[in-house]
Amino acid sequence: MTNDTATSTVTALDDNLDGLRDRINAIDEELIRLWRERSGISKEVGRIRMASGGTRLALARERQICERFADALGEDGTQLALLLLRAGRGPL
């Protein structure tokens, strides 16, 4: 392999990594936006539920959410669901 070929290969790999990292950054921005949106909606649901005489927590609903995430993502999904639920209702 010539020096020029090696240099162009490294440059192509660096460009590919930069492109992949740019895509990860874009996904992260979208996840953050969605996290904030979901948290706000969840807080509003809680306010409405409590204003109508309901409980602060809807355990059956939280269980459904945890199960849906676990089914899709395994143990990591359960942890993600718990984080999402906490963001929307606050700590217990």
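Right, let's walk through the structure included here.

What counts and how
Residues numbered from 1 in each chain as written. Predicted model: local features only at pLDDT ≥ 70, side-chain atom pairs only at ≥ 80, totals over all residues. Heavy atoms only, no water. Axes fitted to C-alpha atoms, helices over the stretch in contact; angles between N-to-C directions. Helix = DSSP H or I, 4+ residues; strand = E, 2+ residues; numbered from the N terminus. Left-handed = near helix turned anticlockwise from the far one by under 90°. Contact = heavy atoms within 4.5 Å. Nonpolar A, V, L, I, M, F, W, Y, C, P; charged D, E, K, R; others polar. 1 Å grid on protein atoms, 1.4 Å probe; cavity = no way out; pocket = protein on both sides within 12 Å on 5 of 7 lines; lining within 4 Å. Points joined across faces, edges and corners; volume = space filled by probe spheres on them. Salt bridge = Lys/Arg side-chain N within 4 Å of Asp/Glu carboxyl O. Buried < 20%, exposed > 50% of the residue type's maximum accessible area, 1.4 Å probe, protein only. Core = buried A, V, L, I, M, F, W, Y, C linked by side-chain atoms within 4.5 Å.

### Description of the packing of helix α2 (residues 59-73) against helix α3 (residues 75-89)
Piece 1. Relative to each other, α2 and α3 sit at 145 degrees, their axes nearing to 7 Å. Viewed along their axes, α2 and α3 form a crossing whose handedness is right-handed. Residue-level contacts link Glu62, Ile65, Cys66, Phe69, Ala70 and Leu73 of α2 to Glu75, Asp76, Gly77, Thr78, Leu80, Ala81, Leu82, Leu84, Leu85 and Arg89 of α3.
Piece 2. Looking at side-chain class alone, the contact of α2 with α3 contains 10 nonpolar, 2 polar and 4 charged residues.

### Let's talk about the layout of surface pockets
Piece 1. In this model, the largest pocket occupies a volume close to 330 Å³.
Piece 2. Forming the boundary of the largest pocket are 18 residues, of which Ser42, Val45, Gly46, Arg49 and Arg89 lie nearest the centre.
Piece 3. Only α1 (3-51), α2 and α3 provide two or more residues apiece to the lining of the largest pocket.
Piece 4. With 9 residues, the single largest contributor to the lining of the largest pocket is α1.
Piece 5. A breakdown of the residues in the lining of the largest pocket according to their chemical character gives 7 nonpolar, 3 polar and 8 charged.

### Considerations on the pattern of salt bridges
Piece 1. Enumeration over the complete set of coordinates arrives at 4 salt bridges.
Piece 2. Arg47 is paired through a salt bridge with Glu44; the nearest N and O atoms lie 2.9 Å apart. Taken as a pair, Arg47 and Glu44 lie in helix α1 at a separation of 3 residues, close to a single helical turn.
Piece 3. The exposure class assigned to Glu44 is partly exposed, which follows from its relative accessible area of 38%.

### Digging into the nonpolar core
Piece 1. The biggest cluster of nonpolar side chains holds 6 residues, and these are Ile65, Cys66, Phe69, Ala81, Leu84 and Leu85.
Piece 2. Mapped onto this core, the elements with two or more residues apiece are α2 and α3.

### Observations regarding the environment of Leu57
Piece 1. With respect to the helices, strands and loops of the structure, Leu57 is situated in the loop between α1 and α2.
Piece 2. Its relative accessible area of 23% is what places Leu57 among the partly exposed residues.
Piece 3. Excluding its chain neighbours within four sequence positions, the residues that come into contact with Leu57 are Arg49, Glu62, Arg89 and Leu92.

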